[in-house]
Amino acid sequence: MLKRIKSNCELAANLKNVCLQLIIIVLFPACNLQPAELFIETENFSDKGGWVVDQQFIDQAGSSYMLAHGMGQPVKDAVTEVKFPSKGTYRIFVRTFNWTSPWYNGKGPGKFNVLIDGKPVETVFGDDGNSWIWQDGGKVQIENTKVKISLHDLTGFNGRCDAIYFTQDSAFVPPDGADALTAFRYRQTGIKPKNGGKFDLVVIGGGVAGICSAVSAARLGLKVALIHDRPVWGGNNSSEVRVHLGGRIALDPYPELGGIVKELSPEKGGNAQPANFYEDEKKTALIDSEPNIAQFMNYRAFAVKKQGNAIKSITAKHIETGEELEFSSPLFADCTGDGVIGVLAGAQFMMGRESKDEFGEPTAQEVSDKMTMGSSVQWYSKINDYPSTFPVFRYGINFNEENVQKVTMGEWTWETGMNLDQITDFERIRDYGLLVVYSNWSFLKNEFSEKEKYANRKLEWVAYLSGKRESRRLVGDIILTENDIVDYVDYPDASASTSWSIDLHYPDPANTKQFPGGEFKSIAVHQNIYPYPIPYRCLYSRNVDNLFMAGRNISVTHVALGTVRVMRTTGMMGEVVGMAASVCKQKNVKPRGVYENHLDELKNLMKKGVGKEGSTPYPDYNLGGTLKEKPVREKTFTVACYYFPNYHTGDTRNVKAKGANWSEWELVKAARPRFEGHQQPKVPLWGYSDERDPQVMAQKIDAAADNAVDAFIFDWYYYDDGPFLNKCLEEGFLKAYNTERIKFSLMWANHDWIEIHPYTHGTEQKTLYQGKVTPETYNKICDYVINKYFIKPNYWMVDGKPYFSVYDIQKFVENFGSLEATKAAMDKMREKAIAAGLKGVHWNLVVWGNPVLPVEKVPENVHELLKILSFDSATSYVWIHHAYIQETTNDYNSIRDKYMLHWNKAKKEYGVPYFPNVTMGWDSSPRTNQTKDWKPDYGYPYTGIITNNTPENFKIALQMVKDSLQSDLNNPRIININCWNEWTEGSYLEPDTANGMKYLNAVREVFGRR
Ligand SMILES: Cc1cc2nc3c(=O)[nH]c(=O)nc-3n(C[C@H](O)[C@H](O)[C@H](O)COP(=O)(O)OP(=O)(O)OC[C@H]3O[C@@H](n4cnc5c(N)ncnc54)[C@H](O)[C@@H]3O)c2cc1C
């Protein structure tokens, strides 16, 4: 049976007594040499009266505090009994904050008294200074050791008191700085973390996302701890914040998702409505009915312990008693909204608005900035049949006849802090929310020319918990973008569907005009979408191995947050997280392992759902403006990318020639700049990984598929004595769990293999393996490629036939001795393929104008060759086959233009379809001896270098090719890219440390769209 801890008055009072006794014991050792002192955390008070506990800023302040939230009417005293070590004279310090000081230079409205046995300390607290301070209350006489301390509010305007400290040491002032203050608190309270238990899953944050995560996992048999820093479940959908649920549930492809959302759903919709609209008790009953959930209400998680890349435990602090509990688990779910746990654990996160460049989103900013959507202090007034007054409240923001908001309530449009930091500035953001509500209401009630209209209205409810929409977003294996949603990009791990519009908030221009820089009202701009399933990979951290996330802190861009943040959607995310956690437990894997190896199990669970009511109707308020038609994503282009497989160890020939651990990465690592400004070495972002490993290959396949690359064309080698460099394809690519996400095909690299790894200018160029093969070897090749590759379901077909490309036509013809014999050999492969149940072979020829490799001879009469040999298409391998690079540096765009001239010619002259090439760059200097001199005209691998091949220019080239193909109705829409990974030729899409994923993203931005 799991330990169940409930927050109730009894427990809090007990813990409080323990705490206060503890404080006194710790502070007064028997020798009694130290001056007497007494420290009181006010949130400990046994009778809170009308004061409330505010924990929202605990991460900045180190503690919760008591808040006199009376909406203009002083609240009832908070009282507690304490025991002084001795009678006598003490100096009293009260930790407080004059909260209007950021806007008003003078005594503030948050005034309160501290009463000792009913007698006020002379100093009035809370109205002075301009930051959190220990306000000095002077000397007080303590006449009994047992004393009643009271907080006596004087205004009802959010006076705040964090702690009270009495000391007989006249020279001592308690510390202010964050670390010193924290140390002081611990010294005073003596609190140490206790064991909170061991669970299968620890969920932090009891908003809709957190509740659904916990319930889903619990129903699937996991022992779950649900940790929440408030006394009420539901987050923004609780009676404390009062935001109604939005979006749809029960959507394709998993209509059973949303079952738990339905169970907790309040019947009535509406923001800023009376408390009962939010049916807190329904959420309580739901959680209470799950025996596998241990509830830790009123606990705020604030610390994380890690082991390697995983979280080992988190520690949470009770917001009233300060008690600390440490929870261990193999899995954690960050449902805090702010990504609190992720950030504590060092997870990558994003905050603010991304630029267009970063993800190519049409709605994104031109330039990134720190702006977020704001937070809301919602409020409403009530009409009575008698008049009521409201105090004059003027603390730095001046309303008048023109700018007063003539309203009786404020819901989502009352929004503050868009230009501030929603984490570090959050108290100020909330306070500004309070300030504008009170100031506006005060004007309406006291000064407005039409104040009679408001005479019978009373300010009935103002939230002191500010509702957040946006802060930090934790980065997962996929960052969901606007393009994914709008273009309906299919991901294999599609999960819960988001249906709300892309709804982004901006300062209301009318409000900006009236309150420049001090806006408190917003507008929303909506872009309706068709329900779009969020990839599961957005729901776990990229770099913290055992961290899930659900809620508004998942892996999305600012623009995509516009849709996913609504609570019916965040609830479904939670359901998926609970399901994935159960797969993790069952299969003993981490969240990523579910995607990599157990996606089917997760899909089965999503199909079934964990709700109790099945897909029955649900209260259908606030569904949002969803499109009825699914966008048709006609991806009419095929993007193939050459893959050069010399980045693995263990190839038999390489082992013999270079050693067991050699791969071409050695040349990448050794590369050095050969002239001023030369950018070498290139450093792979994914490390010098071994492509023979299916896990390594899986990462490449996902990145390719996610970025609109449809096929790899492997450079493929086979000599008279058998294959070469084949382990990458056969052991890596074909064994990767996700191999079918993209297609593959072969370009027979049938040139001589010469020793250029590295080559020293002036030395003999040794041919290691002859590209020419005997007709017998060719026969073997036919059988090998057909039976090993062509028949695979993910072999790339063009016109229904397997694409097979030949690199060197001269060598190819030499194999057979004549064009006629060559044609017969090609037909032979076609026949064999048909015999194997295929439709034939699509023979493609790589054509070059300039030789690159030392052994290359330029083919003559290309048109004749293609015709006689009946090739089905032609293509190019790399631009520099058609554009000389004579200089040390050669501008990318000028090489591009020369290639384009070739393409135009080829199109007209070749007589077969020509598949254009886009080259990412060129720099073969890593293949030269780095210790000897280098000149660009020594001959390959000593060649000039392409510069200015920025991701932007690469993208322009892709777009030019796309546009040109689009306007040509006769040519198939196929392009190839040089290259996925020619690192030692300076042409690669794989991410490096300088440009990250930008080249790959460029492919998606151009070809991933309709
Ligand atoms: C005014 C307003 C109007 C909105 N309108 C709508 C609407 O109409 N419909 C809709 O669906 N959405 C709406 N939204 C958006 C939506 O409410 C949020 O995006 C939503 O709260 C996200 O849910 P969540 O579960 O991620 O986070 P939350 O609801 O914020 O829940 C997270 C919970 O975790 C707790 N927590 C945080 N840190 C810790 C910690 N360290 N330890 C323990 N507990 C912690 C918090 O106290 C909080 O209660 C609105 C938001 C606002 C502010």
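Scope of this entry: the structure provided in the associated data block. Remember, predicted model here, so these are calculated numbers, not experimental data.

**Brief notes about the site of the ligand**
1) Next: For the ligand, the set of nearby residues contains 34 residues, the closest of which are D229, H244, G246, R565 and M567.
2) Next: G246 has a polar backbone atom sitting 2.8 Å from an oxygen atom of the ligand.
3) Next: Taking M567, its main chain carries an N or O atom lying 2.6 Å from an oxygen atom of the ligand.
4) Next: Notes on the ligand: free accessible area 990 Å², of which the protein chains cover 94%.
5) Next: Elements supplying a minimum of two residues to the shell around the ligand: α4 (208–219), β13 (224–228), β15 (299–307) and α13 (567–587).
6) Next: In terms of residue count, the dominant contributor to the shell around the ligand is β15 (three residues).
7) Next: The class makeup of the residues in the shell around the ligand is 13 nonpolar, 15 polar and six charged.

**Examining the side chain of S663**
1) Next: On the secondary structure map, S663 appears in the loop between α16 (652–658) and α17 (665–670).
2) Next: Sequence-distant contacts of S663, defined by excluding residues within four places in its chain, comprise N646, Y647, H648 and T649.

**Description of the layout of surface pockets**
1) Next: The space that makes up the second largest pocket amounts to roughly 1,100 Å³.
2) Next: For the lining of the second largest pocket, the secondary-structure elements that each account for two or more residues are α8 (356–359), α14 (591–597), α18 (694–706) and α26 (998–1007).
3) Next: Ranked by residues supplied to the lining of the second largest pocket, first place goes to α18 with seven residues.
4) Next: Residues belonging to the lining of the second largest pocket are distributed by class as follows: 16 nonpolar, 10 polar and 13 charged.

**Concerning the environment of G270**
1) Next: Residue position: G270 is located in the loop between α5 (259–264) and α6 (280–288).
2) Next: Note on G270: relative accessible area 14%, which makes it buried.
3) Next: The sequence separation of G270 and Y621 amounts to 351 residues, and the corresponding C-alpha distance is 8.2 Å.
4) Next: If we ignore the near neighbours within four places in the chain, the residues touching G270 are R242, H244 and Y278.

**Focus: the pattern of salt bridges**
1) Next: As enumerated under the stated definition, the model contains 59 salt bridges in all.
2) Next: Across the salt bridge formed by R160 and E427, the nearest N and O atoms sit 2.9 Å from each other. In this pair, R160 sits in strand β10 (residues 157–167) while E427 sits in helix α9 (residues 426–446), placing the two residues 267 residues apart along the sequence.
3) Next: On the basis of relative accessible area, E427 is assigned to the buried category, the value being 13%.
4) Next: Taking the shortest distance from any N to any O, the salt bridge between D162 and R185 comes out at 2.7 Å. Here D162, found in strand β10, pairs with R185, found in helix α3 (residues 178–189); they are 23 residues apart in sequence, far enough to count as distant.
5) Next: Given a relative accessible area of 2%, D162 falls into the buried group.
6) Next: Relative accessible area serves as the criterion here: at 6%, R185 is assigned to the buried category.

Conventions used here
Residues numbered from 1 in each chain as written. Predicted model: local features only at pLDDT ≥ 70, side-chain atom pairs only at ≥ 80, totals over all residues. Heavy atoms only, no water. Near = heavy atom within 4 Å. Polar contact = N/O pair within 3.5 Å; in protein donor to acceptor, adjacent residues only side chain to side chain. Areas by Shrake-Rupley, 256 points an atom, 1.4 Å probe, with all protein chains shown as cover. Helix = DSSP H or I, 4+ residues; strand = E, 2+ residues; numbered from the N terminus. Nonpolar A, V, L, I, M, F, W, Y, C, P; charged D, E, K, R; others polar. Contact = heavy atoms within 4.5 Å. 1 Å grid on protein atoms, 1.4 Å probe; cavity = no way out; pocket = protein on both sides within 12 Å on 5 of 7 lines; lining within 4 Å. Points joined across faces, edges and corners; volume = space filled by probe spheres on them. Buried < 20%, exposed > 50% of the residue type's maximum accessible area, 1.4 Å probe, protein only. Salt bridge = Lys/Arg side-chain N within 4 Å of Asp/Glu carboxyl O.

Just distances and angles here, no functional claims.
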